[in-house]
Each structure stands twice: as structure tokens, then as C-alpha cells.
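# Observations on the three-dimensional arrangement
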Amino acid sequence: QILPKALIEIPEMGTIGIHYSLLPKRRGGAPLTWAIIDGLEVTGLTLFYYDEGVDTGDIIDSVEINIAFDDTIATLLDKIMIELPKLVLKNLDPILEGSNQSLKQDDKQATYTVGRTPKDGEIDWSKNDVELYNFIRSQTPPYPCTFSKIIDKNGKLKKLVIHKAYLE
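An account of the accompanying structure is given in this report. (Residues numbered from 1 in each chain as written. Predicted model: local features only at pLDDT ≥ 70, side-chain atom pairs only at ≥ 80, totals over all residues. Heavy atoms only, no water.)

This part takes up the nonpolar core. Grouped burial of nonpolar side chains is what soluble globular proteins tend to show. Among the nonpolar cores identified, the biggest contains 17 residues, and Leu32, Leu45, Leu76 and Ile80 are the most heavily contacted of them. Ranked by the residues each element gives to this core, the list is headed by helix H3 (residues 73–97), at seven residues. What Leu76 contacts, discounting residues up to four positions off in sequence, is Leu32, Ile36, Thr43, Ile65, Asn66 and Ile67. Core analysis: the second largest hydrophobic core is formed by six residues, Ile37, Ile123, Ile136 and Ile162 among them. (Core = buried A, V, L, I, M, F, W, Y, C linked by side-chain atoms within 4.5 Å. Buried < 20%, exposed > 50% of the residue type's maximum accessible area, 1.4 Å probe, protein only. Helix = DSSP H or I, 4+ residues; strand = E, 2+ residues; numbered from the N terminus. Contact = heavy atoms within 4.5 Å.)

Quick look at the pairing of strand E6 (residues 146–151) now. Pairing of E6 with strand E7 (residues 157–162) involves six bridges; the strand directions are antiparallel. From the neighbouring strand, Ile151 faces E7, where its bridge partner is Leu157. Connecting E6 to the antiparallel partner E7 that follows it, the hairpin turn spans five residues, and Gly155 within it adopts a positive phi of roughly 80°. (Pairing = 2+ DSSP bridges.)

Right, let's talk about the sheet that holds strand E4 (residues 59–66) for a bit. Strand pairing in a sheet relies on backbone hydrogen bonds. The paired strands run either parallel or antiparallel. One open sheet holds the three strands; their spatial order is E1-E3-E4, and the pairing between them is antiparallel. Looking at the sheet topology across the chains shown, the edges are occupied by strand E1 (16–19) and E4. Taking the axes of each pair of neighbouring strands and ignoring which way they run, one obtains an average angle of 15° across the sheet. In the packing of H3 onto the sheet, the strands contacted are E1, strand E3 (42–49) and E4, and the crossing angle to E4 comes to about 155°. (Axes fitted to C-alpha atoms, helices over the stretch in contact; angles between N-to-C directions.)

Moving on: the packing of aromatic side chains. Taken as a whole and assessed by the stated rule, the structure comprises two aromatic pairs. Look at Phe48 and Tyr50: their rings are 5.3 Å apart centre to centre, the planes differ by 45°, and that puts the pair in the tilted class. Assessed through its relative accessible area of 1%, Phe48 is described here as buried. Taking relative accessible area as the criterion, Tyr50 reaches 19% and is therefore assigned buried. The ring of Phe69 carries the charged tip of Arg137 above its face, separated from the ring centre by 5.5 Å. (Phe/Tyr/Trp six-rings, centres within 6.5 Å; stacked < 30°, edge-to-face > 60°. Lys NZ or Arg CZ within 6 Å of the ring centre and 35° of its normal.)

Laid out in C-alpha cells, this is it:
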């Protein structure tokens, strides 16, 4: 979330956040979904100090997370829920003691992703098989799933929701 400067400045030791990518790469919205759509094999978590920018604050620590070819957004979130507490606990005492180090982000290395809404889940059937597979697995429950508009045998427009895919 983008926090106003007045709120960021309240805690004396700084305001800390977690971003679901290896900052400065993939700043912005829906980085996990985009990591799968883009076919990445690695993403990560970054613990960082908030500033007035979008995911631009100094990095406290980060951890890489592998993305397997059969991972979905759900299994990737499961991996994050294992690594997230470890990352926080590893850094909590140094932060509270004021002995932690932080690293300024290199803005020249920054990339951005954009947020997504359920309507962004419509499938573009002109994509190749791997692109379609990645798109579908990036949007499985608990996220809104991908869909395609179809015409049923009675000529009515329907929405076909796709919860998972396999590529053989």
C-alpha cells in the first residue's frame, strides 16, 4: 500500500513493509501473479523501509523463492507463508536493537508491475501453450480465476471459469 509521509514518519524506528518480489525488481502491484505469467523461475520476498515512493525504500533483507513449472499462485503463496516468518524473525532483533543494516535500492535496476483486477483474467487464446498455461496457473484460487467468454448452444453469452490447467 502507498502510505502518506505523515503516517510513515510516526514510528521512530521507521515503517517496515514486505514486498512479494526481489526489490528493486517488480515494484508495484501483483508481483506474484506477474512472476508466474512471465514464466519466472525465481521470485522472492523483500523486507524494506517504507518511504513515499512505490516500493522504493531501503532494503533490510530479502529471500529468494523458487517457482516450479507446476506451481500455481496458491502453491507460491504457501511457499511465501513458510519463508515470511523466517525473514521477519531473522531481522526482528537487529531492527529493534538498531543494529540492522539497510541497502539503498538501485533505481536503475527497478522494474514495475501493475495491479490486476478480476476482469484482467480473460484469456487471450492467441497466446502459445506455455503462455496460456502460465496465465491460468497465475490466477487460481484463492485469487479470482481466469475465464473465457463463450456462447452456449442456446446462443447465450456465458463465462467459462478455469480453475487449473495442466500442460502435457
